[in-house]
Amino acid sequence: MKWILLFVMPLVMATNPKIDKDKCTCNGYPSYGRVQVVDCAPDLRVQIVDCAADLEVKVVDFPTNNCGTWQFVDCAPAIRVEFVDCAPDIRVKYVEYSPGIKK
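Quick caveat, the model's predicted, so the values are computed rather than measured.

Draft legend 1. Looking closely at unusual backbone geometry. Positioned with a positive phi, A52 is a non-glycine residue whose angle comes to about 55°. Inspection of the secondary structure puts A52 in the loop between β5 (44-48) and β6 (55-59).

Written out as structure tokens, the structure is:
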């Protein structure tokens, strides 16, 4: 029984994102700014949800440093994300008002 706990605990801990509301980061990466969508080697794996989001995001057309505001770009990103259906690092909901970390 002890061996099972030793192997299971690191897996459970690895799936919980480290979200810092004060710095607006997830696992050390900014949750704002220039965002590039990639298919492999992302900084964060993102799942789009309708409720129970970790981060509410407003998409903007200009450079930004406000928490939860993303400008999608093709080059020179602050963060690279991959959209997934399961096992995300962070759950995101798109909003028009009041973006930011909600936990």
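Following the structure, the description resumes.
Draft legend 2. Geometry of the packing of aromatic side chains. Scanning the entire structure with this criterion turns up one aromatic pair. Pairing W70 with F72 gives two aromatic rings, centres 5.9 Å apart and planes at 85°, and the pair type is edge-to-face. With relative accessibility at 3%, the residue W70 sits in the buried group. A relative accessible area of 34% means that F72 is categorised as partly exposed.

Draft legend 3. Here's a closer look at the state of the cysteines. The full count for this structure, using the stated rule, is one disulfide. Between the sulfur atoms of C24 and its disulfide partner C67 the distance amounts to 2.0 Å. What sets the handedness of the C24 and C67 disulfide is the S-S torsion sign, and at about 80° it is right-handed. Placement of the pair is C24 in the loop between β1 (19-20) and β2 (25-26) and C67 in the loop between β6 and β7 (69-72), with a sequence separation of 43 residues.

Criteria and thresholds
Residues numbered from 1 in each chain as written. Predicted model: local features only at pLDDT ≥ 70, side-chain atom pairs only at ≥ 80, totals over all residues. Heavy atoms only, no water. Helix = DSSP H or I, 4+ residues; strand = E, 2+ residues; numbered from the N terminus. Phe/Tyr/Trp six-rings, centres within 6.5 Å; stacked < 30°, edge-to-face > 60°. Buried < 20%, exposed > 50% of the residue type's maximum accessible area, 1.4 Å probe, protein only. Disulfide = S-S within 2.5 Å.

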